[in-house]
Amino acid sequence: MSYDKLKSLVANVEVIETAMAIHVQGRKATAEEKEILSRYSGFGGIKEVLNIGTDKPIGNDMKEPVQRLQELIDAYPNFTEPMRHNVMEAIKASVLTAFYTPQFLIDAIARQIHDTFSDNGLAMRSFLEPSAGIGGFLPVAMPNTCDYAIEKDPVSGLILSLLYDNTITRTTGFETIGEQEFDHTKFDVIASNIPFGNFRVF
């Protein structure tokens, strides 16, 4: 099945609305809400969001969900004005990098890692997913593992913290890991699919 930008955008806006409502209420997500949250696919390839805050027109089908996205960010009480700007800039920047890993690939990696640990009588005590998105690789962690996730994008981090409420999550750049005061400073397994792009490191 081909990628449907409009369907992905509408689903993403629903997810963001759900996540914001849960955070405002200060509670954990229900199983049904986690099912909705898991549908978040990021804004990779949805170039229409680049027109938010500009005079450029947005295609008819995309206009309503893009406007709703802007309204949600403008109304979210946990964002300060500078944060709102940063969130929108992060969404726009993610158009080139936010493409999530297919589930079959994550499942294959999880099976291989679990088999390796089991075959060698090893226990997984700590697991880290850097550049976590919404935690696609967190199921790689075995039972009774202390797992951690770091995600720079504020919207993805908002969703991540609700989807995996037993995981220690941080919404920040991975370069700050030394400042996070995690119980573990070394990890038995680190798994992720980092964003790829032809960008220079400043």
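Residues numbered from 1 in each chain as written. Predicted model: local features only at pLDDT ≥ 70, side-chain atom pairs only at ≥ 80, totals over all residues. Heavy atoms only, no water.

### With respect to the environment of F182
Moving on, step 1. By the secondary structure assignment, F182 is in the loop between β3 (168–171) and β4 (189–190).
Moving on, step 2. Given the relative accessible area of 10%, F182 is considered buried.
Moving on, step 3. Residues F182 and Y148, 34 residues apart in the sequence, show an inter-C-alpha distance of 8.4 Å.
Moving on, step 4. Those residues in contact with F182 that sit more than four places away from it in its chain are Y148, I150, I168, R170, I177 and F187. (Helix = DSSP H or I, 4+ residues; strand = E, 2+ residues; numbered from the N terminus. Buried < 20%, exposed > 50% of the residue type's maximum accessible area, 1.4 Å probe, protein only. Contact = heavy atoms within 4.5 Å.)

### Considerations on the sheet that holds β4
Moving on, step 1. In spatial order, the strands read β3-β2-β1-β4; together these 4 strands make up an open sheet with parallel pairing. Looking at strand neighbours, the two that pair on one side only are β3 and β4, the edges of this open sheet.
Moving on, step 2. Pairing of strand β1 (residues 126–129) with strand β2 (residues 146–151) involves 4 bridges; the strand directions are parallel. If you follow S126 over to β2, its bridge partner there is C146.
Moving on, step 3. With respect to the sheet, helix α6 (residues 154–163) is in contact with β2 and β3, its orientation differing from that of β3 by roughly 165°. (Pairing = 2+ DSSP bridges. Axes fitted to C-alpha atoms, helices over the stretch in contact; angles between N-to-C directions.)

### Here we look at the packing of aromatic side chains
Moving on, step 1. Enumeration according to the criterion identifies 4 aromatic pairs in this entry.
Moving on, step 2. When the centroid spacing of 4.6 Å and the interplanar angle of 75° are considered together, the rings of Y76 and F79 count as edge-to-face. Accessibility classification places Y76 together with F79 in one group, the buried group.
Moving on, step 3. For the ring pair Y148 and F187, a centre distance of 5.5 Å and an interplane angle of 75° mean the geometry is edge-to-face. Here Y148 is found in strand β2, whereas its partner F187 is found in the loop between β3 and β4, with 39 residues between them in sequence. This pair shows no difference in class: Y148 is buried, exactly as F187 is.
Moving on, step 4. The rings of Y148, F182 and F187 are connected pair by pair, giving a single aromatic cluster. (Phe/Tyr/Trp six-rings, centres within 6.5 Å; stacked < 30°, edge-to-face > 60°.)

### As for the pattern of salt bridges
Moving on, step 1. All told, the structure shown has 7 salt bridges when counted by the stated rule.
Moving on, step 2. Here K34 and D165 are joined by a salt bridge, their closest N and O atoms 3.2 Å apart. On the criterion of sequence distance, the pair formed by K34 in helix α2 (residues 31–37) and D165 in the loop between α6 and β3 is long-range, its members being 131 residues apart.
Moving on, step 3. On the basis of relative accessible area, D165 is assigned to the partly exposed category, the value being 25%. (Salt bridge = Lys/Arg side-chain N within 4 Å of Asp/Glu carboxyl O.)

### Here we look at helix α5 (residues 103–119)
Moving on, step 1. Here α5 spans 24 Å end to end across 17 residues, near enough to the 24 Å set by a 1.5 Å rise per residue.
Moving on, step 2. Those residues of α5 not exposed but buried are I106, A110, I113 and F117. Within α5, the buried residues cover an arc of 70° as seen down the axis, which keeps them to one side. The outward face of α5, more than 90 degrees from its buried face, is lined by the exposed residues F104, R111, Q112, S118 and D119. (Expected span 1.5 Å × (residues − 1). Arc of directions from axis to C-beta.)

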